[in-house]
2 protein chains.
Amino acid sequence: MLSSHLPWAGRDVRGTGVFFFPNARLTRCPPRLPRGAGAVSLYLAPSLPQAPPSGGLYNARLIPACACKPAHTSLPASVLGSCSSLRMASSGLQTKKDDSHNGHFVQPTNPNVAAMQEDVLYHFHLSTSTHDLPAMFGDVKFVCIGGSPTRMEAFIKDMAKELGLDHPGAEYPNICVGTDRYVMFKVGPVLSLSHGIGIPSTSIMLHELIKLLYHARCSDVTVIRIGTSGGIGLEPGSVVITRQAMDPSFKPVFEQMVLGKRVVHRVHLDEQLAQELMQCGAELGEFPTVLGDTMCTSDFYEGQGRLDGALCSYSEKDKQEYLWAAHAAGIRNIEMECSVLAFMCGACGLQVAVVCVTLLNRLEGDQVNSPHEVLAEYQQRPQRLVSYFIKKRLAAAGHP
Amino acid sequence: MLSSHLPWAGRDVRGTGVFFFPNARLTRCPPRLPRGAGAVSLYLAPSLPQAPPSGGLYNARLIPACACKPAHTSLPASVLGSCSSLRMASSGLQTKKDDSHNGHFVQPTNPNVAAMQEDVLYHFHLSTSTHDLPAMFGDVKFVCIGGSPTRMEAFIKDMAKELGLDHPGAEYPNICVGTDRYVMFKVGPVLSLSHGIGIPSTSIMLHELIKLLYHARCSDVTVIRIGTSGGIGLEPGSVVITRQAMDPSFKPVFEQMVLGKRVVHRVHLDEQLAQELMQCGAELGEFPTVLGDTMCTSDFYEGQGRLDGALCSYSEKDKQEYLWAAHAAGIRNIEMECSVLAFMCGACGLQVAVVCVTLLNRLEGDQVNSPHEVLAEYQQRPQRLVSYFIKKRLAAAGHP
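Predicted model, so just to flag it, every value in this text is computed and none were measured. (Residues numbered from 1 in each chain as written. Chains lettered and ligands numbered in written order. Predicted model: local features only at pLDDT ≥ 70, side-chain atom pairs only at ≥ 80, totals over all residues. Heavy atoms only, no water.)

Asks: Describe the packing of aromatic side chains, and please don't skip the residues or the numbers.
Replies: Residue and element names in this part refer to chain B. In this structure the tally under the stated criterion is 10 aromatic pairs over all chains. Relative to Tyr182, the ring of Phe124 has its centre 6.0 Å away and its plane inclined at 90°; by these criteria the two rings are edge-to-face. Taken as a pair, Phe124 in the loop between strand S6 (120–121) and strand S7 (126–127) and Tyr182 in the loop between helix H3 (149–162) and strand S9 (184–187) lie far apart in primary sequence, 58 residues in all. The exposure class assigned to Phe124 is buried, which follows from its relative accessible area of 0%. Residue classification places Tyr182 among the buried residues on the basis of a relative accessible area of 1%. (Phe/Tyr/Trp six-rings, centres within 6.5 Å; stacked < 30°, edge-to-face > 60°. Helix = DSSP H or I, 4+ residues; strand = E, 2+ residues; numbered from the N terminus. Buried < 20%, exposed > 50% of the residue type's maximum accessible area, 1.4 Å probe, protein only.)

Asks: Let's hear about the packing of helix H4 (residues 199–215) of chain B against helix H7 (residues 338–347) of chain B: which residues, and what values?
Replies: Residues and elements named next belong to chain B. Contact pair H4 / H7: the axes reach a minimum separation of 9 Å and the direction vectors enclose 20°. Judged on the interaxial angle alone, H7 and H4 are roughly parallel. Like other packed secondary-structure pairs, H4 and H7 cross with a definite hand, here right-handed. Residues Ile199, Thr202, Ser203, Leu206, His207 and Ile210 of H4 lie in contact with H7, whose contacting residues are Ser339, Val340, Leu341, Met344 and Cys345. In terms of residue class, the contact of H4 with H7 is made up of 7 nonpolar, 4 polar and no charged. (Axes fitted to C-alpha atoms, helices over the stretch in contact; angles between N-to-C directions. Parallel < 35°, antiparallel > 145°, perpendicular 65-115°, else oblique. Left-handed = near helix turned anticlockwise from the far one by under 90°. Contact = heavy atoms within 4.5 Å. Nonpolar A, V, L, I, M, F, W, Y, C, P; charged D, E, K, R; others polar.)

Asks: Give me the lowdown on the pattern of salt bridges, citing residues and values where you can.
Replies: Counted under the stated rule, the structure contains 34 salt bridges over all chains. Arg393 of chain A is the partner of Glu276 of chain A in a salt bridge, and the nearest nitrogen-oxygen pair spans 2.8 Å. Here Glu276 of chain A is found in helix H5 (residues 271–284), whereas its partner Arg393 of chain A is found in helix H8 (residues 372–396), with 117 residues between them in sequence. A salt bridge links Glu321 of chain B to Lys317 of chain B, with the shortest nitrogen-to-oxygen separation between them at 3.0 Å. A residue pair is termed a helical-turn pair when its members lie 3 or 4 positions apart in one helix, as Glu321 of chain B and Lys317 of chain B do in helix H6 (residues 316–328) at 4 residues. The exposure class of Lys317 of chain B is exposed, given its relative accessible area of 57%. Several salt bridges converge on common partners, so that one network encompasses Glu255 and Arg262 of chain A together with Glu255 and Arg262 of chain B. (Salt bridge = Lys/Arg side-chain N within 4 Å of Asp/Glu carboxyl O.)

This is the structure we're talking about:
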């Protein structure tokens, strides 16, 4: 085993040994780690939030034997030869054996995370030093997210009933009760979580969710957004399973500003998962379900071509041309979060899908003015579809 | 009066007459309207959500005499000469005389708004057909906004006490109780309202707030964001009054995508208002208050140069260089909403300021890990300052 070649170097972070290689010259390892008993995966950590004990610039993370399939390590000899001056200390929280890890681990692409003494998930009001995240979240397999806190609470209650985990007087407390930024609920392997409106709000939630799932040593996690949207050329109440997340110029990209510079990422959603969800929609047969591209915008009014905002700098004709061009490009609905979801989940080893109901047909109007009870029923549709999907997946995996 | 030259053309929308000029060829009027008794302001309305009764392409809005100072209209003769075929009908809700209108009206730049039969403010769960907005909001002079719903509720309770409008058993119900997207509270001339996290969430709130204030015929409204931020080179707990809202490359601009095309707007905040708030901070003398530029980002982690997100594509050195460059450019704090606020409020005739406390010094770290009670006290500082400012303004205007 590789570890026998190395004195211990870093800290044991709840069962993951963290090593520092002061003089190593590493390149980033593939996201899918070599998993041996005590296998070491190495990441380029050009900097650390706090100086590591050895003062080195690079770190490695030991995958605990209990969570790994036997396999040979594949570390380059040039790396192994440069490791030196290593020691190890234990953290306060103890490693727990966990048989649930049998596939792809959730893995931040940021190597600094593994080296942090404490990780405060500020917007969740959770922390690695105050909460036993593996015990709280280690069994999570499905994360369902949506903009509205109320909807996500309703979803977990429905999910509990569907999974037979509900009982009279059962309560589903908000895990993020210490903050009002997001709400989070859990029942069995299902986490339900709000993300607010728009990419920035969703991005914060995803950064902290991915780190939470990593700290909890979760594997094989599927994230599904269950949301609302404006449809293009669809009957209101239709449910769109997103094939591709498109930007406002109909490209499958996510753009962000990093240190003041524009960075553009190609994004993609899981095709097989989308097909699986389409099959669920067909089996349910309760409402129209279509596979289509989804446009992600950073504004509900001008950004989506509405004529009824406080500002509007174009004509009805301009709007219609834009929406018809979107339709011709394969876009069937518009919302405000899918591209960041596709980018971040894809980068960190999470299967991801987007399932949104359309509240109106944007080719026919802008205002969401259907009766409250009609909109309320529409909003339940993605939840019913995803609930059906989760039950089906669990049944296929041998769960009752 | 101009109206004597014209047969009525449109609909009376709660005291504002809407006219249609089928053959007019107008250019947009200046944002500050000519205000005569029965003065007409004209807008270019290249398209309307619904075909107007006269089938025309252009509309004008009559400022009711009760809300106007006597003045001559300044309509170009070429416009007046083209008006024809006009008629008028009354709406269900009646115009109420209101002496509070003595200055600048809130005015959407979108001319379509004046012509809408009904305006559903979907994310507030309010509508012009179901709520008497002038009666509910006509006296609003200050709108205080912040990300956190809980904080905005606490603010209105404090404001009620400060204004002597509190009494035992008083309740401050959430006006947006029909939705969980935003919360809204009101006491006297002060509206308190949450905007969630980030530009998209804030943009939706602002579109609907501006239309609400317009429908309510509000004038001389000041909007102040009371928020949290990361400081650059400041002692945590410092309060920054924003001089300029900067983008991530240190330019005073707001960028948006409109119909798939990138549009960049120059933004500015009210300098005199910022100085007035600085003076209030000095008079209070309870905490450090500084005037500085504020950077607005669309991401809390990579977008602000943090090293502790799930993704991080740069080094500690890169981060430090970026933050020091921001400091050198005059930026003293970073948050996620100020640029859209400066742009939209500026465009629609609202005075606007941004007052944010810094929760940490980003030159020294990334994690927000001060004790809860310390952070809670920090978050009250912008509220105390703005509460003092409002009392001072009201006293200067002769209110008790």
